[in-house]
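Observations on chain architecture
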Amino acid sequence: MKMIIGGQETGALDGRTFDVVSPATMEVIDSVPAACREDVDRAVANARKGAKEWAAVPLCDRIDAVYRFADLLERPEHFQKLVEFECTENGKPIRMAEEDIRVSAYICRAFAEKARNFAGDVIPSECEKGTRDDLILTFYEPLGVVVCIVPFNYPTNLYCFKAIPALLMGNAVIAKPASDTPLANIYITGLLLEAGVLPNAIQIVTGGGGTVGNWLTGHPDIDAVSVTGSCEAGKQIMANCAKHLHHCHMELGGNDPFIIFDDCDLDLAIRETVSGRIGNAGQTCCASKRYIVQNSIRPRFVAKLKTALEQVKIGDLRDYDTEMGPVISEKAAKEVEQQIEKTIAQGAVCVCGGHRFDRTFIEPTLLDNVTADMDVAHDMEIFGPVFPVMGFDTVDEAVALANDIPYGLQSAVMTNDIKKALYVARRMEAGACIINGSSNYRHNHQAFGGRKMTGIGGHEGVAYTLAEMCNTKTIALKRIFDTKGIG
């Protein structure tokens, strides 16, 4: 597949490409261009034109284009193609892949519905002396050119979460997919063009984050960057943006805590623990990654969790009973393996799993006796199906363990005592706290985003993202209600 610049499929001007490899089979699926600096400059120049062209299109027409795009996502031939991409380049089991495409179509329609009613304000002029005869209005206007850095773990879903609100608010978008998963992003860029988005308003450029990503985010002629990725990538992107004071919307790393009290429904806690971590082979930003379990039930929790993890079905991605596939690459699998080994070397006990197999698959791994001085309890985010269990005795001890990290995306608490749950939720240093469920929870309308090193520049969520993708302008008509001289 090729990049799409100015509405045309194109290779890199210097002819360079890179392979896209299936993490499940390690087979080459396709090759895509490795853009050079001139390709990036061409895309940005087109986007600057596209920002003016697309902003001039009435909002109602932009909304119609997004509705057509959502319909195209669900058309059988496109739906099946995107599911195939999710299985092959991303390694998702088919059931999860299908759900991702269905949710992506829903997200597009939700943004379109909200955009139709995303109105400005009339500010009460009589609330301050000296302005009682004025009319003060606010309007929303596009930012300009928005670069969308899409991660590998949910390529279709997060493309839609970034590009669609930017387009609805009249911006031109340049998408930069993860190098591991560019195919679905290229495909849906073509569908947006088919739906009626102007050629210069939606483009996609492929290549490495250290080259293409840096060229795009540091380019003087863009206006904003939306990125989901690691803290390391976020720091580099923020440094690039700082040179020109670009807007930055970032959702970065996490090490989400799941506090489990002894008065909870233990079977429910086990189900939430497994389902909240196994999906996407543990590669979900808001998945619970530290299990803080009251010592009075910790042995039972560990025993039940071991039994549940040993029953997880791993393997054929096209089998609807398969629950877990590989991690995104052999490099990623080796990193998870090393993190497991490091945690065991620091004193954790491996109750089950702990091994990498078939190059990219990680056994569901249960690590008990994790303590606060271990890296995994603090700032080492394991992006794989690993379950580190820590013990606690008191409520305040659990909260302290949960907050002893530099991240703050989401959190979770399991208890039948609602007062205790709310006490804990209010004290969590995170963007959300899920009660009686894992932190792997995302409603499309919620304010999704974190604190500390996790979130910079606002939240994602239907109304929230639309607001992030525009400038607010005030127009004041002075003395418009002055009645002197009338009649």
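Owing to the predicted nature of the structure, the values given are computational and were not obtained by experimental measurement. (Residues numbered from 1 in each chain as written. Predicted model: local features only at pLDDT ≥ 70, side-chain atom pairs only at ≥ 80, totals over all residues. Heavy atoms only, no water.)

**Examining the overall build of the protein chain**
If you tally the helices and strands in the protein chain, you get 14 helices and 24 strands. Since a compact globule built from 487 residues should have a radius of gyration of about 23 Å, the 24 Å found for the protein chain is in line with a globular shape. Taken along the three principal axes of its C-alpha coordinates, the protein chain extends 85 × 60 × 40 Å. Long-range pairs, those at least 24 residues apart, make up 73% of the contacts in the protein chain between residues at least 6 apart in sequence. Of the charged side chains in the protein chain, 49 are positive and 64 negative; the average position of the first set lies 5 Å away from that of the second. (Helix = DSSP H or I, 4+ residues; strand = E, 2+ residues; numbered from the N terminus. Rg over C-alpha atoms; globule rule 2.2 N^0.38 Å. Contact = heavy atoms within 4.5 Å. Lys, Arg positive; Asp, Glu negative; His and termini not counted. Charge placed at Lys NZ, Arg CZ, Asp CG, Glu CD.)

**Quick look at the side chain of Asn255**
With respect to the secondary-structure elements, Asn255 resides in the loop between β11 (247-251) and β12 (257-260). Residue classification places Asn255 among the buried positions, given a relative accessible area of 1%. At a separation of 3.1 Å, a polar atom in the side chain of Asn255 contacts the main-chain carbonyl oxygen of Val376. (Buried < 20%, exposed > 50% of the residue type's maximum accessible area, 1.4 Å probe, protein only. Polar contact = N/O pair within 3.5 Å; in protein donor to acceptor, adjacent residues only side chain to side chain.)

**Quick notes on helix α3 (residues 76-90)**
Here α3 contains 15 residues, and its C-alpha end-to-end distance of 20 Å stays within 8% of the 21 Å for a straight helix at 1.5 Å per residue. Buried within α3 we find His78, Phe79, Leu82, Val83, Phe85, Glu86, Cys87, Thr88, Glu89 and Asn90. In this fold, the buried residues of α3 make contact with β3 (17-21), β4 (28-33), α2 (59-74), α4 (94-116), α5 (155-168) and α6 (183-195). Immediately beyond the C-terminal end of α3, within one or two residues, lies Gly91, with a positive phi of roughly 85°. (Expected span 1.5 Å × (residues − 1).)

**Side note on unusual backbone geometry**
The phi dihedral of Asp358 is positive, around 50°, even though this residue is not glycine. By relative accessible area, which is 56% here, Asp358 ends up exposed. Its identity as a non-glycine residue notwithstanding, Arg359 has a phi of 75°, on the positive side. With respect to the helices and strands, the residue Arg359 is situated in the loop between β15 (356-357) and β16 (361-362). You can call Arg359 partly exposed: its relative accessible area is 44%.

**Observations regarding the nonpolar core**
Among the nonpolar cores identified, the biggest contains 64 residues, and Phe69, Leu73 and Ile164 are the most heavily contacted of them. When sequence neighbours within four positions are dropped, the list of residues in contact with Phe69 reads Cys108, Cys160, Ile164, Ile188, Leu191, Leu192 and Ala195. Among the nonpolar cores identified, the runner-up in size contains 57 residues, and Val312, Cys352, Ile362 and Leu401 belong to it. (Core = buried A, V, L, I, M, F, W, Y, C linked by side-chain atoms within 4.5 Å.)

**Some remarks on the state of the cysteines**
All chains considered together, the criterion is met by 0 disulfides. No disulfide involves Cys241; its sulfur sits 3.4 Å from the nearest other cysteine sulfur, which is in Cys248. Overall, Cys241 belongs to the buried group, its relative accessible area being 1%. Cysteine Cys433 remains unbridged, with the sulfur of Cys286 as its closest cysteine sulfur at 13 Å. Take Cys433: its relative accessible area is 22%, and that puts it in the partly exposed class. (Disulfide = S-S within 2.5 Å.)

**Brief notes about the sheet that holds strand β6 (residues 135-142)**
Spatial ordering of the open sheet is given by β5-β6-β24, a layout of 3 strands whose pairing is antiparallel. Edge positions in the open sheet fall to β5 (122-123) and β24 (470-477), since each of these has one partner strand only. (Pairing = 2+ DSSP bridges.)

**Remarks on a nonpolar patch on the surface**
A surface patch of nonpolar side chains, amounting to about 420 Å² of accessible area, comprises Phe139, Ile475, Leu477, Ile480 and Phe481. Mapped onto the elements of the fold, Phe481 is located in the segment after β24. Under the relative-accessibility criterion, Phe481 is labelled partly exposed at 46%. (Patch = residues over 30% accessible without salt bridge, like charges linked within 9 Å, V, L, I, M, F, W, Y side chains within 5 Å. Areas by Shrake-Rupley, 256 points an atom, 1.4 Å probe, with all protein chains shown as cover. Salt bridge = Lys/Arg side-chain N within 4 Å of Asp/Glu carboxyl O.)

**Points about the environment of Asn295**
If you trace the backbone, Asn295 turns up in the loop between β13 (290-294) and α10 (298-309). Here the alpha-carbon distance between Asn295 and Glu310, two residues 15 residues apart in the chain, equals 23 Å. Setting aside anything within four residues of it in sequence, one finds Asn295 in contact with Gly391, Phe392 and Asp393.

**As for the packing of aromatic side chains**
Aromatic ring pairs are described here by two measures, namely the spacing of the ring centres and the angle between the planes. Going through the model one piece at a time under the given rule, you end up with 8 aromatic pairs. When the centroid spacing of 6.1 Å and the interplanar angle of 85° are considered together, the rings of Phe152 and Phe383 count as edge-to-face. Placement of Phe152 in the loop between β7 (145-150) and α5 and of Phe383 in the loop between β17 (365-370) and β18 (386-392) is noted, with a sequence separation of 231 residues between them. Judged by its relative accessible area of 17%, Phe152 is buried. Measuring from centroid to centroid gives 6.2 Å for Phe258 and Tyr291, while their planes differ by 55°, and the two rings are tilted. In this pair, Phe258 is assigned in strand β12 and Tyr291 in strand β13, connecting sequence segments 33 residues apart. Owing to a relative accessible area of 0%, Phe258 belongs among the buried residues under this scheme. With relative accessibility at 0%, the residue Tyr291 sits in the buried group. Members of the aromatic cluster, connected to one another through ring pairs, are Phe258, Tyr291 and Phe387. The ring of Tyr154 has Lys92 lying over it, and the distance from NZ or CZ to the ring centre is 4.6 Å. (Phe/Tyr/Trp six-rings, centres within 6.5 Å; stacked < 30°, edge-to-face > 60°. Lys NZ or Arg CZ within 6 Å of the ring centre and 35° of its normal.)

**Concerning the sheet that holds strand β14 (residues 349-352)**
Across a sheet, strands are paired by hydrogen bonds formed along the backbone, either parallel or antiparallel in direction. Taken in spatial order, the 7 strands line up as β14-β17-β18-β13-β12-β20-β21 in an open sheet, and their pairing is mixed. The open sheet has two free edges, formed respectively by β14 and β21 (432-435), since each of these has just one partner strand. Direction aside, the axes of adjacent strands within the sheet are offset by 25° on average. As defined by bridge partners, β13 adjoins β18 across 4 bridges and the pair is classed as parallel. Looking across to β18, one finds that Tyr291 is bridged to Val389. Where helix α13 (residues 418-427) meets the sheet, it contacts β12, β20 (410-414) and β21, and its direction lies at approximately 165° from that of β21. (Axes fitted to C-alpha atoms, helices over the stretch in contact; angles between N-to-C directions.)

**Some thoughts on the pairing of β21**
Here β21 shows a clear split, with Ala432 and Ile434 buried on one side and none of Cys433 and Ile435 buried on the other. Two elements, β20 and β21, share 4 bridges in a ladder whose sense is parallel. For Val413, the partnering residue across the bridge sits in β21 and is Ile435.

Any functional reading would require information beyond the geometric quantities listed.
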